[in-house]
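Survey of secondary and tertiary structure
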Amino acid sequence: MQQLIINPAQYELLNVLSCITKEEDVTELKSVIVKFLNNRLQKEIDSLWEDGTLDGQKVAAWSDEHMRTPYK
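The rules behind these values
- Residues numbered from 1 in each chain as written.
- Predicted model: local features only at pLDDT ≥ 70, side-chain atom pairs only at ≥ 80, totals over all residues.
- Heavy atoms only, no water.
- Helix = DSSP H or I, 4+ residues; strand = E, 2+ residues; numbered from the N terminus.
- Rg over C-alpha atoms; globule rule 2.2 N^0.38 Å.
- Buried < 20%, exposed > 50% of the residue type's maximum accessible area, 1.4 Å probe, protein only.
- Areas by Shrake-Rupley, 256 points an atom, 1.4 Å probe, with all protein chains shown as cover.
- pLDDT = per-residue confidence, 0-100.
- Expected span 1.5 Å × (residues − 1).

The secondary structure content of the protein amounts to three helices and zero strands. Ordering the α and β elements of the protein from the N terminus gives α-α-α. Here the C-alpha atoms of the protein give a radius of gyration of 19 Å, more than 25% beyond the 11 Å that 2.2 N^0.38 yields for 72 residues. Here the C-alpha coordinates of the protein stretch approximately 45 × 40 × 25 Å along the principal axes. A buried classification covers 1% of the 72 residues belonging to the protein. For the protein, the computed accessible surface area is about 7,300 Å², with 58% contributed by carbon and sulfur atoms.

We now examine the confidence of the model for the protein. If pLDDT is low for a region, its predicted coordinates should not be looked at in detail. Within the protein, residue pLDDT values average 90, and 99% of them lie at 70 or more. Averaged pLDDT values over the elements of the protein bottom out at 89 in helix 3 (residues 56–62) and peak at 95 in helix 2 (residues 23–50).

As a further point, take helix 2. An ideal rise of 1.5 Å per residue puts 40 Å on 28 residues; helix 2 measures up with 41 Å between its terminal C-alpha atoms. Positioned one or two residues after helix 2, Gly52 has a phi angle of 85 degrees, which is positive.

In structure tokens form, the structure reads like this:
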């Protein structure tokens, strides 16, 4: 049996979430979390673009990639 380990950040979120009882609050919180994660991702993408790790040519090449799992 696999044991679930909760890190300190997850523990804090669970404590905060214990106060949320309304469905509309859950929906609003999801929206806030998505915006937060989107901002973090955008900063990382911007950083990769600025240091040259990512460029237009690499992004264009992704459109031709076949990323599905091969089935044998």
